[in-house]
Amino acid sequence: MKAIRRFTVRPVLPDTLRPLAGLARNLRWSWHEPTRALFDSLAPEGLSGADPVRVLGALEAPRLAALAADREFLDRLGVAAEELDTYLSGPRWYQEQSGGRGPAAVAYFSPEFGVAAALPQYSGGLGILAGDHLKSASDLGVPLIGVGLLYRHGYFRQSLGRDGWQQEQYPVLDPGELPVALLREADGTPARIALALPGGRSLHAHIWVAQVGRVPLLMLDSDVEENAVGERSVTDRLYGGGSEHRLLQEMLLGIGGVRAVRTYTRLTGHPAPEVFHTNEGHAGFLGLERVRELQGEGLDFDSALETVRAGTVFTTHTPVPAGIDRFDRGLVARHFGEDGALPGVDTARILALGDETPLGGEPGVFNMAAMGLRLAQRANGVSTLHGAVSREMFAGLWPGFDADEVPITSITNGVHAPTWVAPETGRLGTDAGDRELWELRRTLRERLVGDVRDRLRASWRQRGAADAELGWTDSALDPDVLTIGFARRVPSYKRLTLMLRDKDRLRSLLLHPERPVQLVVAGKAHPADDGGKRLVQELVRFADDPRVRHRIVFLPDYGMEMARGLYPGCDVWLNNPLRPLEACGTSGMKAALNGCLNLSVLDGWWDEWYEPDFGWAIPTADGAAADDEDRRDDLEAAALYELIERRVAPRFYDRGADGVPAGWITMVRRTLSDLGPKVLADRMVRDYVERLYVPAAEARRALGPARARELAAWKAKVRAAWPGVAVDHVETGDDLAECDAELGATPVVRVQVSLGGLSPDDVEVQAVTGRVDADDVLSHTRTVTLKPAGGPDLEGRQPYAGTLELDRTGPFGCTVRVLPAHTLLAHPAELGLVALPAETTAEGAGVLLR
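Residues numbered from 1 in each chain as written. Predicted model: local features only at pLDDT ≥ 70, side-chain atom pairs only at ≥ 80, totals over all residues. Heavy atoms only, no water.

**Let's talk about the overall build of the protein chain**
- Along the protein chain, the regular secondary structure elements total 28 helices and 27 strands.
- What you see for the protein chain is a C-alpha radius of gyration of 30 Å, in line with the 29 Å of a compact globule of 850 residues.
- A burial count over the protein chain gives 57% of its 850 residues as buried.
- Of all intrachain contacts in the protein chain linking residues separated by at least 6 positions in sequence, the fraction that spans at least 24 positions is 73%. (Helix = DSSP H or I, 4+ residues; strand = E, 2+ residues; numbered from the N terminus. Rg over C-alpha atoms; globule rule 2.2 N^0.38 Å. Buried < 20%, exposed > 50% of the residue type's maximum accessible area, 1.4 Å probe, protein only. Contact = heavy atoms within 4.5 Å.)

Right, here's the structure in full:
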């Protein structure tokens, strides 16, 4: 028989054991080893390592009674509860460092959060990054409020068919069995938000709260009785459904998320956010809801938009246009307006925010990243290289500016060390002796081998194998063999099968008689990505070969729990994406924190922080070879094999008389001591606070209603007048008369500018100098602000002058430009307006010195 209803029966804890509930319901246990150990000591047989909510639910009354009388256990429980209370209430870095400048609260929106395996609401790196962001914010005391969706099926569970083809299952998640609590009104009824939909329909959602240390994570759930069948399924699956389904998810996340934050702060007294952080474009509609709120308070659209922009941070995670969510403009138009989710907000203005034509896109498409950037005064990529790629990709939104001046900065991702570092590694420290460090590495590798064998047997049983066929799994992998890990999502650009480019050469590496290598591979292809599934199948079929299956394994259902053992147990972490398509890539960071060396293409974070002491850089093809896909992959795979065979494996197996590979351990130690601090999420979150959150909060405070109206009116005036702004004449002193000059010269530049009815206070006139190439393109530029040099001439042109400093030898160039200027602009390029000389001539535009 099958149950028609499902519910969770919670144990009634004796008063002395009540602190267990608080410890179990706060996800800090997922990164706090003493709390995990406490619950492991309670776990019935078969539940060791399970999440505390499940452990508590499995405790029978006699066991609870015995624990309530166990003085030693109660002492341990008291210490753990007191320590958690201190963690939650005491001042931390943010309280000690922000000096009142920081925002009272920051709302952090993301479509997925990977906080713990017990809360499976993530698919890959974006979610894990968001989870680490919350956890480090908690550790630092940053007053974050996380906002996401509660997917009743989460992301899919992956298994393999007999032929190696990926199969997906979507288990139903019961919130009653998750570490979440329903947000309730004062009268005990569930708190609820609602969105209006076309045709008089409504989308209702409950708000579940997961407590991530000090940070509340609000998760909206559409599976409520008030909804019709279609609306109940909006939060069914992460990244599931068709275009309209995804649009409704993103409307609920952005618009509903703001309403959930307002409900939460009303009910709990938590400070209202001054800054809203949009983690990728999926949540971008949050800015439109805030415009609607401000219009309800009396601001017009433009003034509301300026207010919203001042307090918004947008983080982009994709280096390719294909990674951006895009919707049909007609579909978006149907869901907004007077009978839609944002009554009173001009639909035409909404559609304009998502216009992608300046990016070379299609006129009938609404681009979520374009909207996110237009709604945020501050934006960033997630590594230095990705910041540069993003400035190129989105440069069309700031016409007239070189890509390096596009106002998108970068903050390189980091990872939360307490979540990902093996406890033994954390306890040993970097000052341990070589033998101690080597023995620890061997212990962690041996533990991984045991875990791999268990998972391998389970996978083969799922594929239909009988126990009698699986004796070989007892010798799969070897705890004394160089172990390389490769685990991540399986889009084509990550090149899961690059290692298979020359199968014979790979086999020779795996089976080398003196220096063998073994590979542990894992990863999920998106359910709709048959190309990715074929890559998984190709890898699995190779790993099934009896000749090599003891040296290479594919583990299905890669997730946080598997990763926690995989990173510490591997010696080398492999990453071979197509450069520069890896925005950051944090798996190698997690490996590095455990003393695992990286072997990677110079992409994402590795491009930024690679040093030979930390690992190896896989060369990438360039020139004509890079344009030929097969040729490129052949060259880069050959480089990978060469590195493993001639540099990586010899370093690992080069042992001294004591059996310790001193050169390898030196690299491990440098990775832990020098690279480790750079890749921490604590560093990342501090960067966000100091470089983005604090400036955004200050900008938002400076923009009251009157100032917002003034700024909006000023921008409208400038945009209307800008066609009349022009650089009419440029001249330089005698020092540059012959287009030649000596180092150290200080020539004077004089300019006449037409301001088109603007005043000198509305603009800044700059001389821009720098190196110049054969096509007269400036690089490594510097700017000099030119000052008004008298009143306007008879034709109304305003004179400006300034002094250049020729402090570099070689080809040198200069030009002049006019930019809008206002104290409330965060960046000179903010309006995307610039006036340049009409022609590139010595008189009209600038001076070129060769």
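**Digging into the pattern of salt bridges**
- A full pass over the atoms with the stated rule returns 64 salt bridges.
- Measuring nitrogen to oxygen at the nearest pair gives 4.0 Å for the salt bridge that ties Arg-441 to Asp-571. Residue Arg-441 is located in helix H18 (residues 434-462), and its partner Asp-571 is located in the loop between helix H21 (560-569) and strand S18 (572-575); the two are separated by 130 residues in the primary sequence. By the burial criterion, Arg-441 is buried, and Asp-571 matches it.
- One salt bridge connects Arg-495 with Asp-633, and the closest N-O pair in it is separated by 2.7 Å. One end of the pair, Arg-495, is in the loop between strand S15 (482-487) and helix H19 (503-510); the other, Asp-633, is in helix H25 (residues 629-653), with 138 residues separating them in the sequence. Residues Arg-495 and Asp-633 agree in their burial class; the two are buried.
- Salt bridges sharing partners connect three or more residues here, namely Arg-152, Asp-221, Asp-223 and Arg-232. (Salt bridge = Lys/Arg side-chain N within 4 Å of Asp/Glu carboxyl O.)

**Overview of the sheet that holds S15**
- Reading across the sheet, the six strands line up as S17-S16-S15-S18-S19-S20 and stay open at both edges, with parallel pairing between neighbours. Only two strands of the sheet have a single partner each, and these edge strands are strand S17 (552-555) and strand S20 (615-618). If you compare each strand with its neighbour and ignore which way they point, the axes differ by 20 degrees on average.
- Looking at chain direction, strand S19 (residues 597-601) and S20 are connected through four bridges and run parallel. Looking at S20, one finds that Val-601 is bridged to Ile-618. (Pairing = 2+ DSSP bridges. Axes fitted to C-alpha atoms, helices over the stretch in contact; angles between N-to-C directions.)

**Regarding the nonpolar core**
- Counting residues in hydrophobic clusters, the biggest one holds 66 residues, and the most contacted among them are Leu-17, Leu-20, Val-142, Leu-144 and Tyr-693.
- For this core, the element with the highest residue contribution is helix H27 (residues 681-701), accounting for ten residues.
- Sequence-distant contacts of Leu-17, that is, excluding residues within four places in its chain, are made with Leu-64, Leu-67, Ala-68, Phe-73, Leu-74 and Leu-77.
- Grouped together as the second largest cluster of nonpolar side chains are 59 residues, Tyr-239, Val-261, Phe-336 and Leu-351 included. (Core = buried A, V, L, I, M, F, W, Y, C linked by side-chain atoms within 4.5 Å.)

**Examining the side chain of Arg-445**
- The residue Arg-445 is located in helix H18 in this model.
- Setting aside chain neighbours within four positions, we find Arg-445 in contact with Trp-438, Asp-478, Pro-479, Asp-480, Val-481, Thr-483, Gly-569, Asp-571 and Phe-652.

**Some thoughts on the packing of aromatic side chains**
- Applying the stated criterion to the full structure yields 17 aromatic pairs.
- Considering the side-chain rings of Phe-285 and Phe-366, the 6.1 Å spacing of their centres and the 25 degrees angle between planes classify their relative orientation as stacked. Linking Phe-285 in the loop between strand S9 (275-279) and helix H10 (286-296) with Phe-366 in strand S12 (residues 365-367), this pair joins segments that are 81 residues apart in sequence.
- Note on Phe-285: relative accessible area 0%, which makes it buried.
- Residue Phe-366 is classed as buried on the basis of its relative accessible area, which comes to 0%.
- A network of ring pairs unites the aromatic residues Trp-438, Trp-616, Phe-652, Tyr-653 and Trp-664 as a single cluster.
- Positioned above the aromatic ring of Trp-460 is the side chain of Arg-463, whose terminal nitrogen or guanidinium carbon lies 4.4 Å from the ring centre.
- In this arrangement the basic side chain of Lys-524 is found over the ring face of Phe-156, its NZ or CZ atom lying 5.0 Å from the centre. (Phe/Tyr/Trp six-rings, centres within 6.5 Å; stacked < 30°, edge-to-face > 60°. Lys NZ or Arg CZ within 6 Å of the ring centre and 35° of its normal.)

**Quick word on the confidence of the model for the protein chain**
- Per-residue confidence for the protein chain averages 93 on the pLDDT scale, and 96% of its residues sit at or above 70.
- Contacts from residues 840-850, a stretch scored under 50 in pLDDT, to residues over four places away or in other chains number 42 contacts. (pLDDT = per-residue confidence, 0-100.)

**Details of the pairing of strand S6 (residues 192-197)**
- Because side chains alternate across S6, one face comprises the buried residues Ile-193, Leu-195 and Leu-197, and the other comprises Arg-192, Ala-194 and Ala-196, none of which is buried.
- Pairing geometry for S6 and strand S7 (residues 201-212), over six bridges, is antiparallel. Counterpart to Ala-196 in the pairing with S7 is Ser-202.
- Between S6 and S7, which pair antiparallel in sequence order, lie three residues; one of them, Gly-199, sits at a positive phi of approximately 80 degrees.

**Description of helix H28 (residues 705-721)**
- With 17 residues, H28 should reach 24 Å at 1.5 Å per residue; the first-to-last C-alpha distance of 24 Å fits that figure.
- Taken as a whole, H28 has its buried residues at Ala-708, Leu-711, Ala-712, Trp-714, Lys-715, Val-718 and Ala-721.
- On the buried face of H28, the contacting elements are helix H11 (301-310), strand S21 (725-732) and strand S26 (812-820). (Expected span 1.5 Å × (residues − 1).)

**Section: the pairing of S18**
- Side chains Val-572 and Leu-574 of S18 all project onto a buried face; the interleaved residues Trp-573 and Asn-575 project onto the opposite face, where all are buried too.
- Examined bridge by bridge, S15 and S18 share two bridges and lie parallel to one another. From the neighbouring strand, Gly-485 faces S18, where its bridge partner is Trp-573.
- Strand direction decides the pairing type here: S18 and S19, joined by four bridges, are parallel. Looking at S19, one finds that Val-572 is bridged to Leu-597.
- After leaving S18, the chain enters helix H22 (residues 587-592) and then returns to the sheet as S19, a path that is right-handed. (Right-handed = clockwise from strand over helix to strand, strands pointing away.)

**What to know about unusual backbone geometry**
- Backbone torsion omega between Arg-579 and Pro-580 reads 5 degrees, so that peptide bond is classified as cis.
- Relative to the helices and strands, Pro-580 resides in the loop between S18 and H22.
- In the Ramachandran plot, Glu-280 falls in the positive-phi region, its phi being about 75 degrees despite a non-glycine side chain.
- As for its placement among the helices and strands, Glu-280 is situated in the loop between S9 and H10.
- Glu-280 gets classed as buried once you look at its relative accessible area, which sits at 7%.

**Examining the packing of helix H9 (residues 243-268) against H10**
- One can describe the packing of H9 onto H10 by two numbers: an axis separation of 7 Å at closest approach and a directional angle of 55 degrees. Viewed along their axes, H9 and H10 adopt a mutual orientation that is oblique. Pair H9 / H10 crosses with right-handed handedness. Between H9 and H10, the contacting residues are Gly-254, Ile-255, Val-258, Arg-259 and Arg-262 on the first element and Leu-286, Glu-289, Arg-290, Arg-292 and Glu-293 on the second.
- Looking at side-chain class alone, the contact of H9 with H10 contains three nonpolar, one polar and six charged residues. (Parallel < 35°, antiparallel > 145°, perpendicular 65-115°, else oblique. Left-handed = near helix turned anticlockwise from the far one by under 90°. Nonpolar A, V, L, I, M, F, W, Y, C, P; charged D, E, K, R; others polar.)

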